[in-house]
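As a plain string of letters, each chain reads:
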Amino acid sequence: DTGVSQDPRHKITKRGQNVTFRCDPISEHNRLYWYRQTLGQGPEFLTYFQNEAQLEKSRLLSDRFSAERPKGSFSTLEIQRTEQGDSAMYLCASSLNIQRDIQYFGAGTRLSVL
Amino acid sequence: AQKITQTQPGMFVQEKEAVTLDCTYDTSDQSYGLFWYKQPSSGEMIFLIYQGSYDEQNATEGRYSLNFQKARKSANLVISASQLGDSAMYFCAMRGLAQGAQKLVFGQGTRLTINP
């Protein structure tokens, strides 16, 4: 039973470049979430999918951020025209819509914008 | 709005001792869930334990137990017989259980260090 997988684990980019992260959820999970965690803080919610539908987006998700989940399987998070303030850990989680609906997290993608 | 407060930035405990990590919360929701996650230096958030607001008994999962005091709005994590591998960041989180409420709201975390 594989857990949530995120790729890449680390990304270094120059300001102004575009970056894309991938998340593969636990195979039978129909819900997928993206969170952002900056140093010394707890994760903050960015967006959430149920199957392929994006049902909620945080105000943190500016128009430079876009997330997709084609066919309700893996998801991608793209950041356009990166800024130094985008430097953070981007965490993906998935859950199965039953009972306690526990969210299980991947190891994250650490983004550094130079 | 929901808010989680963890007032202990760091805790130092001797191996094999029990440790309590504090968590208080604020919400106007009648039905909600409370969660604890562990984050080792590798970065992955590991689910530890869950408590529903209407659960009559405190949750337990192996060496982890949740001391839930609804009137005080507290949900402290108790780790019994601590081990060196318990050294990590610990986050308390909550989620409303109303229809459509899915996001977790996290506290700032407590860094736990277990000394040999």
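The following refers to the structure shown. Every value quoted in this text rests on a predicted model; they were computed, and no experiment measured them. (Residues numbered from 1 in each chain as written. Chains lettered and ligands numbered in written order. Predicted model: local features only at pLDDT ≥ 70, side-chain atom pairs only at ≥ 80, totals over all residues. Heavy atoms only, no water.)

Here we look at the state of the cysteines
What counts, and what does not: Two cysteine sulfurs form a disulfide in these notes if their separation is within 2.5 Å. Runs of H or I in DSSP of at least four residues are treated as helices and runs of E of at least two as strands, each being numbered from the N terminus. Only protein chains enter the calculation, and the probe is 1.4 Å; a residue is then buried if its accessible area is under 20% of its type maximum, exposed if over 50%, and partly exposed in between.
Counting across every chain of the model gives 2 disulfides over all chains. Cys23(A) shares a disulfide with Cys92(A); S-S distance 1.8 Å. Since a negative S-S torsion denotes a left-handed disulfide, the Cys23(A)-Cys92(A) link at about -70° is left-handed. In this pair, Cys23(A) is assigned in strand E3 (residues 19-24) and Cys92(A) in strand E9 (residues 88-95), connecting sequence segments 69 residues apart. Neither Cys23(A) nor Cys92(A) differs from the other in exposure class; each is buried. Covalently, Cys23(B) is tied to Cys92(B) through a disulfide, its sulfur atoms 2.0 Å apart.

What to know about unusual backbone geometry
Residues and elements named next belong to chain A. Cis geometry is adopted by the peptide bond preceding Pro8, which originates at Asp7 and carries an omega value of -5°. Checked against the element boundaries, Pro8 lands in the loop between strand E1 (5-7) and strand E2 (10-13). In this structure, Asn51 takes a positive phi of about 55° despite not being glycine. As for its placement among the helices and strands, Asn51 is situated in the loop between strand E5 (44-50) and strand E6 (53-57). We note that Asp101 has phi near 55°; this positive angle belongs to a residue other than glycine. If you trace the backbone, Asp101 turns up in the loop between E9 and strand E10 (104-105). Asp101 gets classed as buried once you look at its relative accessible area, which sits at 5%.

Regarding the side chain of Gln103(A)
Quick reminder of the rule: Definition of a polar contact: a pair of N or O atoms within 3.5 Å, with one able to donate and the other able to accept a hydrogen when the atoms are protein atoms, and with sequence-neighbouring residues admitted only if both atoms are side-chain atoms. Should any heavy atoms of two residues lie within 4.5 Å, those residues are considered in contact.
Looking at where Gln103(A) falls in the secondary structure, it is placed in the loop between E9 and E10. Under the relative-accessibility criterion, Gln103(A) is labelled buried at 1%. A distance of 2.9 Å separates a polar side-chain atom of Gln103(A) from the backbone oxygen of Gln102(B). Among all residues touching Gln103(A), those that are not within four sequence positions of it are Tyr33(A), Tyr35(A), Ala93(A), Ser94(A), Ser95(A), Tyr37(B), Arg95(B), Gln102(B) and Leu104(B).

That's the geometry; what it means functionally is another story.
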